Amino acid sequence: MTTVLEVKELKKSFGNIHAVQDISFSVKAGEVFTIIGPNGAGKTTTLEMIEGLVTPDYGHIHFGDLNWNKNANDIKRKIGVQPQSSAMFDLLTPEENLDLFATFYGRARQTEDILELINLTEHRQNRVKNLSGGQRQRLAIGLAMISDPEIVFLDEPTTGLDPQARRNIWDIILQLKSLGKTIILTTHYMEEAEKLSDRVCIVDQGRIVTLDTPSALIEKLTEEREVRLSFLDGEEAAKDGEFFANTLASVSRTEREATSLILWTAKPEETLYDIFKFTKEKEYQIEQVSIREMSLEDVFISFTGKEWRD
Ligand code: ATP
């Protein structure tokens, strides 16, 4: 697939804050590319450099063979940037805001069409100040779509929204993707990155921690699974089980919480086979067994050694 954006070795400092230290990636046509990271990781600064709003201290940004120094107007026609809520006109309606933005950016999609896309047809005549947080965010996405851009930048479009409002935004993002748009998204939410993205770039402290498809990232970790067994015969049985589990070569470590034994194994089937043989011999009963699914959150913890904080 064609590469529509390539960034190389981006760097940006504000005084002695190194907001972006070294970021390189490329984005292909039609993909949802997500930059995820904790507060202050450098997501917004990265996006703003790509959008031409902040000048990098160092690095290259290419949209195909276009760059900001020589082809600013061509790039502006290609990209759509979701405005901050504060850029909208609160006393106007969504319809009026869209019409007004069309006069700034040149219209390529009809207002009706966009209202439909962002599911605001019903509220077209309400003043923006009376819209909910989710509706305002949908309008912001609509405003980014006025010029019918090829590449759409969405900076934390769901931050602070309740789960239902967040899902409504996900539906819109997936619709944009089905229209063939390339979407560059930032988020704090792992679940969002996992659900929407073709590829995820995890950033922390201005650097890329890892970058791949969500499933490949998770697969990198599935070498080790967390298995939890609860013993019906009380703590002593669980302790005995833990002692036995630690003798198995497939088990890398164990923990115990009252009558539950938690273990980490690269070979869950083999480990469980051995454990069940042991519990049968000892006539212990196992109440429940679970093997935990890995998530992008585990990927983050594994790569950075830090807990994920929303
Ligand atoms: P958040 O999720 O909180 O939006 P982020 O990952 O988008 O965070 P940035 O907004 O890019 O992170 O900020 C990275 C670092 O740079 C932070 O420490 C921030 O305080 C700092 N920073 C960003 N913009 C400026 C600025 N204009 N002046 C000074 N410091 C800035």
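Each chain has its residues counted from 1, following the order in which its sequence is written. The predicted nature of this model means local features are confined to residues of pLDDT at least 70 and side-chain atom pairs, given and counted, to a pLDDT of 80 or more, with totals for whole chains, interfaces and linings taken over all residues. The side-chain quantities take in all heavy atoms of the structure and omit both hydrogens and water.

## Some thoughts on the overall build of the chain
The way it works is that DSSP assigns letters per residue, a run of H or I at least four long becomes a helix, a run of E at least two long becomes a strand, and they are numbered from the N terminus. Regarding its fold elements, the chain presents eleven helices and 13 strands. We compute the radius of gyration from the C-alpha atoms alone; for a globule the expected value is 2.2 Å times N to the 0.38, where N is the number of residues. The C-alpha atoms of the chain give 24 Å as radius of gyration, which overshoots the globular expectation for 310 residues (19 Å, by more than 25%). Principal-axis analysis of the C-alpha atoms gives the chain an extent of 80 × 45 × 40 Å. Burial statistics for the chain: of 310 residues in total, 48% are counted as buried. Contacts are assigned to residue pairs that have any heavy atoms within 4.5 Å of one another. Sequence-distant contacts, at least 24 apart, represent 67% of the contacts inside the chain between residues at least 6 apart. Residue exposure ignores everything except the shown protein chains as possible cover, and the areas themselves are Shrake-Rupley values with a 1.4 Å probe. Surface exposure of the chain reaches about 15500 Å², of which carbon and sulfur atoms provide 46%. Taken together, the 36 basic and 51 acidic charged side chains of the chain have centroids lying 5 Å from each other. Categorising residues by exposure relies on relative accessible area from a 1.4 Å probe, with only protein chains included: less than 20% of the type maximum marks a residue as buried, more than 50% marks it as exposed, and the intermediate range marks it as partly exposed. Note on charges: Lys and Arg go in the positive column, Asp and Glu in the negative column, and His and the chain ends are not counted at all. In plain terms, the charge of a residue is placed at NZ if it is Lys, CZ if Arg, CG if Asp and CD if Glu.

## Considerations on the site of the ligand
Whether a residue is near a molecule or strand is decided by its heavy atoms; if any one of them lies within 4 Å of it, the residue is near. Taken together, 13 residues form the shell around the ligand, and within it Gly-40, Gly-42, Lys-43, Thr-44 and Thr-45 come nearest. Here a polar contact is recorded for every N or O atom pair within 3.5 Å, except that within protein the pair must consist of a potential hydrogen donor and a potential acceptor, and residues adjacent in sequence are included only if both atoms are side-chain atoms. Within the side chain of Lys-43, one N or O atom sits 2.8 Å away from an oxygen atom of the ligand. Between Thr-45 and the ligand, the recorded distance is 2.5 Å, taken from a side-chain N or O atom to an oxygen atom. Secondary-structure elements contributing two or more residues to the shell around the ligand are strand E2 (17–28) and helix H1 (43–50). In terms of residue count, the dominant contributor to the shell around the ligand is H1 (three residues). Residue classes follow a fixed rule: Ala, Val, Leu, Ile, Met, Phe, Trp, Tyr, Cys and Pro count as nonpolar, while Asp, Glu, Lys and Arg count as charged, and any other residue, Gly among them, counts as polar. Partitioned by chemical class, the residues of the shell around the ligand number five nonpolar, six polar and two charged.

## Concerning the side chain of Glu-192
Relative to the helices and strands, Glu-192 is located in helix H7 (residues 190–196). What makes a salt bridge here is a side-chain nitrogen of Lys or Arg within 4 Å of a carboxyl oxygen of Asp or Glu, nothing more. One buried charged side chain, Glu-192, makes no salt bridge at all; its nearest oppositely charged neighbour is Arg-166, positioned 4.5 Å away. A polar atom in the side chain of Glu-192 sits 3.0 Å from the side chain of Thr-187. Sequence-distant contacts of Glu-192, that is, excluding residues within four places in its chain, are made with Thr-158, Arg-166, Trp-170, Thr-187 and Ser-197.

## Observations regarding the packing of aromatic side chains
Stacked, edge-to-face and tilted are the three classes for Phe, Tyr and Trp ring pairs, Trp counted by its six-membered ring, which pair at centre distances within 6.5 Å; planes under 30 degrees apart are stacked, over 60 edge-to-face, the rest tilted. The full count for this structure, using the stated rule, is six aromatic pairs. Taking 6.2 Å as the distance between ring centres and 75° as the angle between the ring planes, the aromatic pair formed by Phe-231 and Tyr-284 counts as edge-to-face. Placement of Phe-231 in strand E10 (residues 225–231) and of Tyr-284 in the loop between helix H10 (268–282) and strand E13 (286–291) is noted, with a sequence separation of 53 residues between them. Ring-pair connections join several aromatic residues into one group, and the members of that group are Phe-231, Phe-244, Phe-278 and Tyr-284. Geometry around Tyr-189 places Arg-166 over its ring, the cationic atom sitting 3.8 Å from the centre. Whether a charge lies above a ring is judged from NZ of Lys or CZ of Arg, which has to be within 6 Å of the ring centre and within 35 degrees of the ring normal. Over the aromatic face of Trp-264 sits the side chain of Arg-253, whose NZ or CZ is 3.8 Å from the ring centroid.

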